[in-house]
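Structural features, examined
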Amino acid sequence: MKTFQLANESSSLLSLSPKFILPEDERPQLSEVTSLDSIPIIDLSDHSYDGNNHSSSLVVQKISQACEEYGFFQIVNHGIPEQVCNKMMTAITDIFNLPPEQTGQLYTTDHTKNTKLYNYYLNVEGGEKVKMWSECFSHYWYPIEDIIHLLPQEIGTQYGEAFSEYAREIGSLVRRLLGLLSIGLGIEEDFLLKIFGDQPRLRAQANFYPPCPDPELTLGLPVHTDFNALTIVLQSQVSGLQVIKDGKWIAVPVIPNAFVINLGDQIQVLSNGRFKSVHHRAVTNKLSPRVSMAMFYGPNVDTTIGPIQDLIDEEHPPRYRNYRFSEFLEEFFKQEGTRRMVKEVFELPC
Ligand code: OGA
Ligand code: NI
């Protein structure tokens, strides 16, 4: 029988094992996903201005609008060399192709571990956990030495080199994007960056979705919002990411040399709800394996997060209470296995 190594077990590619089958009301209903709408595509090299001042740069306007309406956008002409991204993708693919004997020790459900391989799951009422059709490899961006030595030597060295270069590039891209987001919010360009401080919480998550025998019955990643501030996703040339817009699922197309950017819960709170952290999911397909790399940028656990003072006035009363990011994380892990409602816990009554 044709099998695939998934969730540290052998899984058939011909028929879907019951442990991956979602209850009917959680299934993706792929025929209802619309291709009539898509998330905005923004050219970062577009320096045209429609006025004389910085805040009306077209790029800022487009990004702000995307953040208000979609919480998601793709960027092209971002300046990160294609070869840096390709090397990252190859290094990730090689890790997911390792035989289980070489990765088994990385499997853990302990979320406090730095480097881990795991599967997302959903708790189902009165039943067993349902596993998602994917494998995730995650770790902090730094120090990369802590990760390399857990992998077989050659693969580890290759991954370490690719990741260090990739993280450096993504780090500058994030700083640039946070600047554009700040200008869009009408605050100082370095405002958001300063809030996250010089010790931001930086995690990477590589996702692997093998071909799936029945994409209608399962998901690659459950419906979620990202709990951090900003996520930069690089996807292989296979689509799978979908985003909620006005109650409908829309597919995110694959564009060569583009990054998918999405806002996390912390930006929604800081912007007092103006910029959105939106529900998304990954679906599977029958034919091609899919790989993606999500780079998460978030506040340090000790940072106090709440709506930015300058964005609050009589017309815009604060919608969230202040909290320490560690409090938010605690609530996030408490809701493991559910369709999480984390930022809602910090909402103020209107
Ligand atoms: C994530 C995520 C999307 C993808 O890792 O949080 O949403 O396309 N990934 O794999
Ligand atoms: Ni996500």
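Structure shown above.
So, here is what we can say about the structure in this document. Given the structure is predicted, the values throughout are model-derived calculations rather than measurements. (Residues numbered from 1 in each chain as written. Chains lettered and ligands numbered in written order. Predicted model: local features only at pLDDT ≥ 70, side-chain atom pairs only at ≥ 80, totals over all residues. Heavy atoms only, no water.)

It is worth spelling out the site of ligand 1 at this point. Near ligand 1, the surroundings consist of Q205, N207, Y209, L221, H224, D226, L241, H280, R290, S292, A294 and F296. Note that an oxygen atom of ligand 1 is positioned 3.4 Å from one of the side-chain N or O atoms of Q205. Here an oxygen atom of ligand 1 and a side-chain polar atom of H224 are 3.1 Å apart. In isolation ligand 1 exposes 290 Å². Once the protein is present, 97% of that is buried. (Near = heavy atom within 4 Å. Polar contact = N/O pair within 3.5 Å; in protein donor to acceptor, adjacent residues only side chain to side chain. Areas by Shrake-Rupley, 256 points an atom, 1.4 Å probe, with all protein chains shown as cover.)

What follows deals with the sheet that holds strand β5 (residues 116-118). Think of a sheet as strands paired side by side through backbone hydrogen bonds, with each pair either parallel or antiparallel. With mixed pairing, 8 strands are arranged side by side in an open sheet as β3-β4-β14-β11-β16-β9-β8-β5. In this open sheet, the two strands that pair with only one neighbour each are β3 (41-43) and β5. Each neighbouring strand pair of the sheet contributes to a mean axis angle of 25 degrees, computed without reference to strand direction. (Pairing = 2+ DSSP bridges. Helix = DSSP H or I, 4+ residues; strand = E, 2+ residues; numbered from the N terminus. Axes fitted to C-alpha atoms, helices over the stretch in contact; angles between N-to-C directions.)

How two helices sit against one another is set out by the angle between their axes and by the gap between those axes. Contact pair helix α1 (residues 58-69) / helix α5 (residues 153-185): the axes reach a minimum separation of 9 Å and the direction vectors enclose 80 degrees. Comparing their axes, α5 and α1 come out roughly perpendicular. In contact with V59, V60, I63, S64 and C67 of α1, α5 contributes L177, L180, L181, I183 and G184. Looking at the contact of α1 with α5, its residues break down into 8 nonpolar, 2 polar and no charged. (Parallel < 35°, antiparallel > 145°, perpendicular 65-115°, else oblique. Contact = heavy atoms within 4.5 Å. Nonpolar A, V, L, I, M, F, W, Y, C, P; charged D, E, K, R; others polar.)

Pairing geometry for strand β12 (residues 241-245) and strand β13 (residues 248-251), over 4 bridges, is antiparallel. The residue bridging V243 from the neighbouring strand is I250, located in β13.

One open sheet holds the 4 strands; their spatial order is β10-β15-β12-β13, and the pairing between them is antiparallel. At either end of the open sheet lies a strand with only one pairing partner, and these are β10 (221-224) and β13. For this sheet, the mean angle separating the axes of adjacent strands, direction not counted, is 20 degrees. Two elements, β10 and strand β15 (residues 280-282), share 2 bridges in a ladder whose sense is antiparallel. In the sheet register, L221 faces β15, and the bridge partner there is A282.

Glancing now at the pattern of salt bridges. Opposite charge on two side chains makes pairing possible when the charged atoms of those side chains draw close. Applying the stated criterion across every chain yields a total of 12 salt bridges. With a closest N to O distance of 3.1 Å, D265 and K343 form a salt bridge. On the criterion of sequence distance, the pair formed by D265 in helix α7 (residues 265-270) and K343 in the segment after α8 (325-334) is long-range, its members being 78 residues apart. Relative accessible area serves as the criterion here: at 6%, K343 is assigned to the buried category. A salt bridge links E327 to R321, with the shortest nitrogen-to-oxygen separation between them at 2.9 Å. A network of salt bridges, in which partner residues are shared, links D37, K245 and D246. (Salt bridge = Lys/Arg side-chain N within 4 Å of Asp/Glu carboxyl O. Buried < 20%, exposed > 50% of the residue type's maximum accessible area, 1.4 Å probe, protein only.)

This paragraph deals with the coordination of the nickel ion (ligand 2). At the metal site, the nickel ion (ligand 2) is ligated by H224 (NE2), D226 (OD) and H280 (NE2), and these contacts range over 2.1 to 2.2 Å. Binding-site remark: the nickel ion (ligand 2) is held by donors from one chain whose sequence spacing is H-x1-D-x53-H. The buried category is assigned to D226, whose relative accessible area is 7%. (Donors = N, O, S within 2.8 Å, 3.2 Å for Na, K, Ca; no water.)

Aromatic ring pairs are described here by two measures, namely the spacing of the ring centres and the angle between the planes. Counted according to the given criterion, the structure contains 14 aromatic pairs. With a centroid separation of 5.2 Å and 15 degrees between ring planes, the pair formed by F96 and F208 is classed as stacked. Of the two residues, F96 is situated in helix α2 (residues 82-96) and F208 in strand β9 (residues 201-209); the sequence distance between them amounts to 112 residues. Like F96, the residue F208 is buried in the burial classification. With centroids separated by 5.5 Å and ring planes inclined at 70 degrees, the aromatic side chains of Y118 and Y120 adopt a geometry described as edge-to-face. Judged by relative accessible area, Y118 falls into the buried class, the value being 14%. Through a chain of ring-to-ring contacts, the aromatic side chains of F227, Y323, F325, F328, F332, F333 and F346 assemble into a single cluster. Cation over ring: K245 sits above Y70, and NZ or CZ is 4.5 Å from the ring centre. Above the plane of the ring of W249 lies R281, whose end atom (NZ or CZ) is 4.1 Å from the centre. (Phe/Tyr/Trp six-rings, centres within 6.5 Å; stacked < 30°, edge-to-face > 60°. Lys NZ or Arg CZ within 6 Å of the ring centre and 35° of its normal.)

Quick look at the environment of I232 now. When you line up the elements, I232 lands in strand β11 (residues 230-235). Each residue touching I232, except ones within four places of it in the same chain, is listed here: I170, L173, V174, L177, F259, V260, I261, M293, A294 and M295.

Remark: the empty space left among the atoms is shown by a probe the size of a water molecule rolled over them. The computed volume of the largest pocket comes to approximately 1000 Å³. In terms of lining residues, the largest pocket is bounded by 49 residues, among which Y118, Y120, Q205, E336 and R340 are the most central. Taken together, the elements giving at least two residues each to the lining of the largest pocket come down to β5, β6 (121-122), β9, β10, β11, β15, β16 (290-298) and α8. With 6 residues, β9 is the single largest residue contributor to the lining of the largest pocket. (1 Å grid on protein atoms, 1.4 Å probe; cavity = no way out; pocket = protein on both sides within 12 Å on 5 of 7 lines; lining within 4 Å. Points joined across faces, edges and corners; volume = space filled by probe spheres on them.)

What follows concerns α1. In a regular helix each residue adds 1.5 Å, so 12 residues correspond to 16 Å; α1 covers 16 Å between its end C-alpha atoms and thus fits that length. Looking at α1, one finds that the buried residues are V59, V60, I63, S64, A66 and C67. Summarising the axial view, the buried residues of α1 lie within an arc of 165 degrees, below the 170-degree limit, and thus occupy one face. Positive backbone phi, approximately 70 degrees, marks G71, located one or two places after α1. (Expected span 1.5 Å × (residues − 1). Arc of directions from axis to C-beta.)

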